[in-house]
Amino acid sequence: MKPGATLGLSHGFLLGVMQNDGVDFRDDINVVLVAPKGMGPSVRRLYEQGKSVNGAGINASFAVHQDATGNAADIAVGWAIAVGAPFAFRTCGGDCGGGEGKRGGEGIGSDWGLCMHTP
């Protein structure tokens with residue numbers, strides 16, 4: 001990967017394995033996670049339905065594990081929107097402290113993300 005590129009994950013399993021093995025990603029790339037909250041067939045069906053029914057789609061969580069460029073959250077929100085998520089909820093990706101769980105209490109809608117993260 002080129003410096004400044006973004007590595008996208010759809011599940012946090014790799015991060016757990018890497019942490020367990022004591023390894024991490026290179027410092028010069030973004031690492032983001034976008035995880036639709038459904039199985040593949042339902043994600044695809046609702047994405048297709050969204051072409052004719054406004055608001056159809058399946059919610060997703062997103063997280064930024066590493067932000068080398070300063071815009072990793074923008075990229076993650078854009079990816080969530082691109083897969084058809086009507087709402088994207090920021091999560092800590094499993095690295096939450098203080099017992100707040102994977103969602104971390106920071107729910108946002110993709111329309112907010114579009115307004116706040118579009119130059």
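Residues numbered from 1 in each chain as written. Predicted model: local features only at pLDDT ≥ 70, side-chain atom pairs only at ≥ 80, totals over all residues. Heavy atoms only, no water.

This next bit is on the overall build of the chain. Counting secondary structure elements, the chain contains four helices and five strands. Mapped from its N terminus to its C terminus, the chain presents α and β elements in the order β-α-β-α-β-α-β-β-α. When each of the 119 residues of the chain is scored for burial, the buried share is 30%. Within the chain, contacts between residues at least 6 apart in sequence are counted, and of these 64% link residues at least 24 apart. Summed over its atoms, the accessible surface of the chain is roughly 7,100 Å², and 56% of this surface lies on carbon and sulfur atoms. (Helix = DSSP H or I, 4+ residues; strand = E, 2+ residues; numbered from the N terminus. Buried < 20%, exposed > 50% of the residue type's maximum accessible area, 1.4 Å probe, protein only. Contact = heavy atoms within 4.5 Å. Areas by Shrake-Rupley, 256 points an atom, 1.4 Å probe, with all protein chains shown as cover.)

Now for the pattern of salt bridges. Per the stated rule, a full pass over the model turns up two salt bridges. When the shortest N-O distance is used, the salt bridge between Glu 48 and Arg 44 registers 2.6 Å. Of this pair, Glu 48 and Arg 44 both sit in helix α2 (residues 40–49), four residues apart, which is roughly one turn of that helix. (Salt bridge = Lys/Arg side-chain N within 4 Å of Asp/Glu carboxyl O.)

We now examine the nonpolar core. Membership of the largest hydrophobic core is limited to ten residues, which are Val 32, Val 34, Ala 60, Phe 62, Ala 72, Ala 76, Val 77, Ala 80, Ala 85 and Ala 88. Elements represented by at least two residues in this core include exactly β2 (30–36), β3 (60–66) and α3 (72–82). Looking at this core, the element that brings in the most residues is α3, giving four residues. Other than its neighbours up to four places away in sequence, Ala 72 contacts Asn 30, Val 32, Val 64, Gln 66 and Asp 67. The next biggest cluster of nonpolar side chains, apart from the first, holds nine residues, and it includes Leu 15, Phe 25, Ile 29 and Ala 35. (Core = buried A, V, L, I, M, F, W, Y, C linked by side-chain atoms within 4.5 Å.)

Bridge count between strand β1 (residues 6–9) and β2: four bridges; the pairing is parallel. Within β2, the residue paired with Leu 7 across the bridge is Val 31. Traced from β1 through helix α1 (residues 13–21) to β2, the parallel crossover comes out right-handed. (Pairing = 2+ DSSP bridges. Right-handed = clockwise from strand over helix to strand, strands pointing away.)

Turning our eyes to something else, we now look at the confidence of the model for the chain. Mean pLDDT over the chain: 77, with 76% of residues reaching 70 or higher. For the chain, the element scoring lowest by mean pLDDT is strand β5 (residues 106–109), at 37; β1 scores highest, at 94. In this model residues 96–119 is a low-confidence stretch, pLDDT under 50, and it forms 30 contacts with partners more than four residues away in sequence or in other chains. (pLDDT = per-residue confidence, 0-100.)

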